[in-house]
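Architecture at a glance
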Amino acid sequence: MPTQSVETRNERGGRSGAPHPGGSAGPPRAGARTGRRAAAWARRAPLLPALVFLIVVTQLPFVATVVISFTRWNALAPDNRGFAAFDNYQAVFTDPAMRSAIFTTVLLTVTVVLVSLLLGLGLALLLDRKFWGRGIVRTMLITPFLVVPVAAALLWKHALYNASYGLINGSLTWIWGLFGSSDAPQPDWMTASPLAAVEVSLIWQWTPFMMLILLAGLQSRPADAVEAARVDGASTFDVFRYLTLPHLRRYLELAALLGTVYVVQNFDAVFTITSGGLGTANLPYTIYQTFYQAHDYGLASAQGVVVVLCSLLVATFALRTVSSLLREEVTR
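Quick look at the structure, then. (Residues numbered from 1 in each chain as written. Predicted model: local features only at pLDDT ≥ 70, side-chain atom pairs only at ≥ 80, totals over all residues. Heavy atoms only, no water.)

Here we look at the nonpolar core
What counts is decided by this rule: Here, the term nonpolar core denotes a set of buried Ala, Val, Leu, Ile, Met, Phe, Trp, Tyr and Cys residues that are joined through side-chain atoms within 4.5 Å. Any residue under 20% of the maximum accessible area for its type is buried, any over 50% is exposed, and the rest in between are partly exposed; the area is computed with a 1.4 Å probe on protein chains only. Labels follow the DSSP assignment, with helices taken as runs of H or I lasting at least four residues and strands as runs of E lasting at least two, numbered in each case from the N terminus. Contacts between residues were defined by any pair of non-hydrogen atoms, one from each residue, lying within 4.5 Å.
Of all hydrophobic cores here, the largest spans 37 residues; its most connected members are Leu108, Leu117, Val198, Leu202 and Leu214. If you list the elements that add at least two residues to this core, you get α5 (96-127), α7 (149-160), α10 (194-219), α13 (249-264) and α14 (268-274). Residues within four places of Leu214 in sequence aside, it is in contact with Leu117, Gly120, Leu121, Ala124, Leu248, Tyr251 and Leu252.

So this is what it looks like as structure tokens:
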């Protein structure tokens, strides 16, 4: 009987005993790794065509531009073509027209971004309140940002700024007529204040963009903190100064950085309204003049590379701000 019970236990152990520690542990791990790799490739494979298309459309032309920027290539002097080393980049930083374009670009960008940011903040604070018809008002305020840039510039150039039939001078004539005067001022806005004319058109177009970002920040503000502050006797200004403004700091930075990236590259308004004259030629328009009017492809490529590098520098800070905002949303 003991022998039989031992044999029975051995048979049961052979059938139901645990597997050898090192016998079958290896293949499942390898299979799991293979499965994870297959799943990762399954997720990435649909993105490969878009990645290849993006590289072909953006990166290869940029590489070609960098190569051309080191060459001496002017279509008006076809025999004088060759390797120029850093001569084009030296010309970029020593050319008086280029320095003037840099100053104009900085002045234009700072003015448009700051004014748009302040106006967008004011509109966002108003639209954050509940009132009848708020949805219609939001849609109307967003509309300027949806207008094609060239169409917006043409609208300001002909419908508003024109000295003969523009709305601004027509309004001045009507106001002076109310007081019995027919000698209303009729300034030529694009000649008298060319840079301001470009700035106003860009502010009109970019204020809704700032408003959307800041309105999203306001709607993510914790309502319980605001209610607690009001219960404690805080005024509207105190709530704005100590709660709303610190909460909107990251959103203000994001709006300013993104606005800077886009306004630095603006070409449509300068080309359409003033054609780069009277001190309004910014960097994109100067590159256009160098390429299409002077036909100096090497110098124009060097100018383009400098502008792209400066834009990437600003975009890097914008991406860091976006990443910090996303991390804050995840940790909530």
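Now that the structure is up, let's keep going.
Some remarks on the side chain of Ser301
If you trace the backbone, Ser301 turns up in helix α16 (residues 297-331). According to the relative accessible area criterion, Ser301 is buried, its value standing at 8%. Setting aside residues no more than four positions away along its own chain, Ser301 makes contact with Thr65, Ile68 and Ser69.

A word on unusual backbone geometry
In this model, Ser275 sits at a positive phi of 55°, which is unusual for a non-glycine residue. Looking at where Ser275 falls in the secondary structure, it is placed in the loop between α14 and α15 (283-293). Ser275 gets classed as partly exposed once you look at its relative accessible area, which sits at 41%. Even without glycine at this site, His295 takes up a positive phi of about 60°. If you trace the backbone, His295 turns up in the loop between α15 and α16. Assessed through its relative accessible area of 26%, His295 is described here as partly exposed.

Focus on the packing of aromatic side chains
What describes a pair of aromatic rings is the distance from one ring centre to the other and the angle between the planes of the rings. This is how it is decided: For this analysis, a ring pair means two rings from Phe, Tyr or Trp (six-membered ring only for Trp) whose centres lie within 6.5 Å, classed as stacked if their planes differ by under 30 degrees, edge-to-face if by over 60, and tilted for the remaining angles.
Within the structure shown, the criterion is met by 20 aromatic pairs. Pairing Trp206 with Phe209 gives two aromatic rings, centres 5.4 Å apart and planes at 85°, and the pair type is edge-to-face. Of the two residues, Trp206 and Phe209 are both situated in helix α10; the distance of three residues between them amounts to about one turn of the helix. Judged by relative accessible area, Trp206 falls into the buried class, the value being 12%.

So yeah, pure geometry; function would need other evidence.
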